[in-house]
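# Structural characterization, general
Residues per chain are reported as follows:
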Amino acid sequence: MLDFIYYPVSFILWCWHWVFGHIFGESSAVSWALGIVFLVFTLRAIMFKPMVKQVRSMRKMQEFAPEIKKLQKKYANDRQKLAQEMQKLQSQHGVNPLGGCLPMLLQIPVFIGLFHVLREFEPGKTENYFFDAQGVQSYLDANLFGARLSNWITQPGAELVAYGVDRTSVILVAIPLMILASVLTHLTARHSVARQNPDAATQQTAIMNKLTLWIFPLGVLVGGFFFPIGLLMYWLSNNSWTLMQQHVVYQKIDKEEAAAKAAAIEKRSAAAPKPGQKPAQAKKAAPPRKPADDVNAKPDATPNAKPDAKPATGGAKPAAGSKPRPGAKPQTGKPSGGTQVPGPSADRSRKKSGRKNR
């Protein structure tokens, strides 16, 4: 039914066992143990990028956690509207909640596939997916401190006799693996919880933190009584990889965030005025020019323009060599800068004088 999971898992295990079998021997427990460990490393390396996306998504969700709380208070009685607003907020910040669950969802079928493949290594079987009869027998012959990788603590006594081992040997090998796997599960959860933003804490977050910190490690410890020794090695190596990967990824993200903050501070300080320097004030715009009919405006000095003003007569001296007309009276007047007395213009006086001379 789940052959699409069992075959890939068994193929990766077969490849690594073939590699280490040439070094330590095909039936060596070290070859099979390293094959299981590197099976985990291979699968986790494939899921490395999704895990990094998961961490970044969690950090973004922590940044706009106050906005989520506001929406929860605002739409406390309207679940449908709250879900719509949450989707809008997540799309605005570019957060996909399914991206955070993807690495965990991918590990579940791997765990199920490996559990099934290891349980299928039984005496008398001629094949186990990618393993032939010789591969099955080499797994059954692998001796790890007096126990077989297919044994577990609560295994029926008749099966233990068929493997040629006793329960005490299985307990001495399985118990330390169970404790180490449980402790690493707790440390991994603690490291993840320590990175959470306290402002983003909710009631659901507190419940999940308690589950990951205490219930999950306890589940590994209790489940170890029913898991084969090979599966305990898988759990131990998986938690070891997770703890190391979290340290590396979180350290990288912290450096990126510190560099971004330093760049923002440097940019802000470069734009700020230096100590003792007066802040630059914006120059006021020049007032609009007055229209051309202003009293102080000068006439347009174009060559074809005719002057509107009449020639000044007062205070002007006659040009040298010019003689006054016969019968014309000498022109007298005040300087052009003075006030003019109203009276007949010079043209009218000339006309009158001309009539008298006639």
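Residues numbered from 1 in each chain as written. Predicted model: local features only at pLDDT ≥ 70, side-chain atom pairs only at ≥ 80, totals over all residues. Heavy atoms only, no water.

Moving on, we get to the side chain of Asn209. Tracing the sequence through the fold places Asn209 in helix H10 (residues 203-223). Aside from chain neighbours lying at most four places away, what touches Asn209 is Val193 and Gln196. (Helix = DSSP H or I, 4+ residues; strand = E, 2+ residues; numbered from the N terminus. Contact = heavy atoms within 4.5 Å.)

This part is about the confidence of the model for the protein chain. Should the pLDDT be low somewhere, the predicted coordinates at that spot are not to be read in detail. Residues with a pLDDT of 70 or more make up 70% of the protein chain, whose mean pLDDT is 77. At the level of individual helices and strands, the protein chain shows its lowest average pLDDT in helix H12 (residues 346-357), which scores 47, and its highest in helix H1 (residues 3-24), which scores 93. This model gives residues 305-322 a pLDDT under 50, and the stretch forms nine contacts once residues within four places in sequence are excluded. The low-confidence segment residues 345-358 (pLDDT under 50) makes three contacts with residues lying over four places distant or belonging to another chain. (pLDDT = per-residue confidence, 0-100.)

Two elements in contact, H1 and helix H2 (residues 29-46), have axes separated by 8 Å at closest approach and are oriented at 135 degrees. Here H1 is positioned oblique relative to H2, judged by the angle of their axes. Judged by the sense of rotation from one axis to the other, the crossing of H1 with H2 is right-handed. Contact residues: Val9, Ile12, Leu13, Trp16, His17, Phe20, Gly21 and Phe24 in H1; Val30, Ser31, Trp32, Leu34, Gly35, Ile36, Phe38, Leu39, Thr42 and Leu43 in H2. In terms of residue class, the contact of H1 with H2 is built from 13 nonpolar, five polar and no charged. (Axes fitted to C-alpha atoms, helices over the stretch in contact; angles between N-to-C directions. Parallel < 35°, antiparallel > 145°, perpendicular 65-115°, else oblique. Left-handed = near helix turned anticlockwise from the far one by under 90°. Nonpolar A, V, L, I, M, F, W, Y, C, P; charged D, E, K, R; others polar.)

For residues besides glycine, phi is generally negative; the peptide bonds are generally trans as well. With phi around 60 degrees, Tyr129 is a residue other than glycine that occupies positive phi space. On the secondary structure map, Tyr129 appears in the loop between helix H6 (97-119) and helix H7 (133-141). For Phe145, which is not glycine, the phi dihedral falls at a positive 55 degrees. Looking at where Phe145 falls in the secondary structure, it is placed in the loop between strand S1 (143-144) and strand S2 (147-148). For Phe145, a relative accessible area of 72% corresponds to the exposed category. (Buried < 20%, exposed > 50% of the residue type's maximum accessible area, 1.4 Å probe, protein only.)

Direction vectors running N to C along H2 and helix H11 (residues 229-271) enclose 40 degrees, while the axes themselves pass 9 Å from each other. Regarding the angle of H2 to H11, the classification is oblique. For the crossing formed where H2 meets H11, the hand is right-handed. Residues Ala33, Ile36, Val37, Val40, Phe41, Arg44 and Ala45 of H2 form the contact with H11, whose participating residues are Gly230, Met233, Tyr234, Ser237, Asn238, Trp241, Thr242 and Gln245. Each residue belonging to the contact of H2 with H11 can be placed in one class, and the counts come to nine nonpolar, five polar and one charged.

Here we take up the environment of Asn151. If you trace the backbone, Asn151 turns up in the loop between S2 and helix H8 (157-163). Between the C-alpha atom of Asn151 and that of Arg119, which follows or precedes it by 32 residues, the distance is 9.1 Å. Dropping the residues within four chain positions of it, Asn151 is found in contact with Leu160, Tyr163, Val165, Val170, Phe227, Pro228 and Ile229. Among the polar contacts listed, one links the side chain of Asn151 to the backbone nitrogen of Arg148, at a separation of 3.0 Å. (Polar contact = N/O pair within 3.5 Å; in protein donor to acceptor, adjacent residues only side chain to side chain.)

Take the pattern of salt bridges next. Within the structure shown, the criterion is met by three salt bridges. With a shortest N-O distance of 3.9 Å, Glu85 and Lys88 are connected by a salt bridge. Of this pair, Glu85 and Lys88 both sit in helix H5 (residues 79-93), three residues apart, roughly one helical turn. Classification of Glu85 by relative accessible area gives buried; the value is 17%. Lys125 is paired through a salt bridge with Glu120; the nearest N and O atoms lie 2.0 Å apart. Relative accessible area serves as the criterion here: at 19%, Glu120 is assigned to the buried category. A single salt-bridge network, built from bridges that share partners, covers Lys81, Glu85 and Lys88. (Salt bridge = Lys/Arg side-chain N within 4 Å of Asp/Glu carboxyl O.)

With that settled, consider the side chain of Ser31. Inspection of the secondary structure assignment puts Ser31 in helix H2. Not counting chain neighbours up to four residues away, the residues in contact with Ser31 comprise His17, Phe20, Gly21, Phe24 and Gly25.

Another aspect to go through is the packing of aromatic side chains. Under the definition given, this model contains 19 aromatic pairs. With 5.8 Å between their ring centres and 70 degrees between their planes, Phe111 and Phe227 make a pair best called edge-to-face. Placement of the pair is Phe111 in helix H6 and Phe227 in the loop between H10 and H11, with a sequence separation of 116 residues. With relative accessibility at 19%, the residue Phe111 sits in the buried group. Each ring, one from Phe121 and one from Tyr139, has its centre 4.0 Å from the other, and the planes form 25 degrees; the classification is stacked. With Phe121 in the loop between H6 and H7 and Tyr139 in helix H7, this residue pair connects regions lying 18 residues apart in the sequence. Aromatic rings pair up to connect Tyr6, Tyr7, Phe11, Trp14, Tyr129 and Phe130 into one cluster. Sitting over the face of the ring of Trp152, Arg119 holds its NZ or CZ atom 4.4 Å from the ring centroid. (Phe/Tyr/Trp six-rings, centres within 6.5 Å; stacked < 30°, edge-to-face > 60°. Lys NZ or Arg CZ within 6 Å of the ring centre and 35° of its normal.)

Okay, H2 next. For H2, which comprises 18 residues, the first-to-last C-alpha distance of 26 Å matches the rise-based estimate of 26 Å (1.5 Å per residue) to within 8%. Of the positions making up H2, those classed as buried are Ala29, Ser31, Trp32, Ala33, Gly35, Ile36, Val37, Leu39, Val40, Leu43 and Arg44. Capping of H2 at its N-terminal end is provided by Ser28; its side-chain oxygen lies 3.2 Å from the backbone amide nitrogen of Val30. (Expected span 1.5 Å × (residues − 1).)

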